[in-house]
Amino acid sequence: MKSFFHKIMSFSMALIVLFSTFSFTVEQHYCGDFLVDYSLFGKAESCGMDVQKDMHPERSGLSQKDCCSDEMLSIDGQDNLKLSFDKLSFAQLQFVASFVYSYLNLFEGLPENIVSFSDYPPPLLVKDIQVLDQTFLI
């Protein structure tokens, strides 16, 4: 049971470290106010309504506005995982030491099963009280 608990705890701690260092980027393409496409690993596809860039903008008398927009949401993970214990104060070290000591003693079992009434014999049965009172458990 103890080894199973340790395996579960080590797996959960590994997942916590993995997800705290995980960084990702979500790219979204909007056409007007509507979300057309989003992508986690690549570039979001366009809706096809992008304004064609003219080779000579001075020839086209009208300036066209683009109704589409791209947004990029980037979440950076934690980069530094190296914790140094030499910067802890005495109170913090005392707390860590007492926590570890109490945690390790929490799973320590008794050396033998102690039964407090094993040295005393059961009382002698003079009369069967249940038969006399006619109370039977069904």
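See the structure above.
Residues numbered from 1 in each chain as written. Predicted model: local features only at pLDDT ≥ 70, side-chain atom pairs only at ≥ 80, totals over all residues. Heavy atoms only, no water.

### Considerations on the packing of aromatic side chains
No. 1: Taken as a whole and judged by the stated rule, the model has three aromatic pairs.
No. 2: Relative to Phe99, the ring of Phe95 lies with its centre 6.3 Å away and its plane at 25 degrees, an arrangement referred to as stacked. Highlighted residues: Phe95 and Phe99, both in helix α2 (residues 90-106), separated by four residues, approximately one helical turn.
No. 3: Phe95 sits in the exposed class, given a relative accessible area of 56%.
No. 4: The rings of Phe95, Phe99 and Tyr103 are connected pair by pair, giving a single aromatic cluster. (Phe/Tyr/Trp six-rings, centres within 6.5 Å; stacked < 30°, edge-to-face > 60°. Helix = DSSP H or I, 4+ residues; strand = E, 2+ residues; numbered from the N terminus. Buried < 20%, exposed > 50% of the residue type's maximum accessible area, 1.4 Å probe, protein only.)

### Side note on the sheet that holds strand β2 (residues 34-39)
What links the strands of a sheet is backbone hydrogen bonding, and the strands pair in either a parallel or an antiparallel sense.
No. 1: As summarised here, the arrangement of the three strands in space is β2-β1-β3, forming an open sheet in which the pairing is antiparallel. Pairing within the sheet leaves two strands with one partner each, and these edge strands are β2 and β3 (68-75). Each strand axis lies, on average, 25 degrees off the axis of its neighbour in the sheet, ignoring direction.
No. 2: Two elements, strand β1 (residues 24-31) and β2, share five bridges in a ladder whose sense is antiparallel. What sits directly across from Gln28, in β2, is Tyr38. (Pairing = 2+ DSSP bridges. Axes fitted to C-alpha atoms, helices over the stretch in contact; angles between N-to-C directions.)

### Overview of the side chain of Ser39
No. 1: Note that Ser39 resides in strand β2.
No. 2: Of the residues examined, Ser39 reaches a relative accessible area of 14% and is grouped as buried.
No. 3: Non-local contacts of Ser39, meaning those with residues more than four positions away in its chain, are made with Thr25, Val26, Glu27 and Ala44. (Contact = heavy atoms within 4.5 Å.)

### A short note on unusual backbone geometry
No. 1: Positive phi, normally seen in glycine, also occurs at Gln134, with a value near 55 degrees.
No. 2: Relative to the helices and strands, Gln134 is located in the segment after α3 (129-133).
No. 3: The exposure class of Gln134 is exposed, given its relative accessible area of 63%.

### Some thoughts on the state of the cysteines
No. 1: Applying the stated rule across the entire model yields zero disulfides.
No. 2: Cysteine Cys67 is unpaired, with the sulfur of Cys68 as its nearest cysteine sulfur at 3.9 Å.
No. 3: A relative accessible area of 39% places Cys67 in the partly exposed class.
No. 4: Residue classification places Cys68 among the buried positions, given a relative accessible area of 10%. (Disulfide = S-S within 2.5 Å.)

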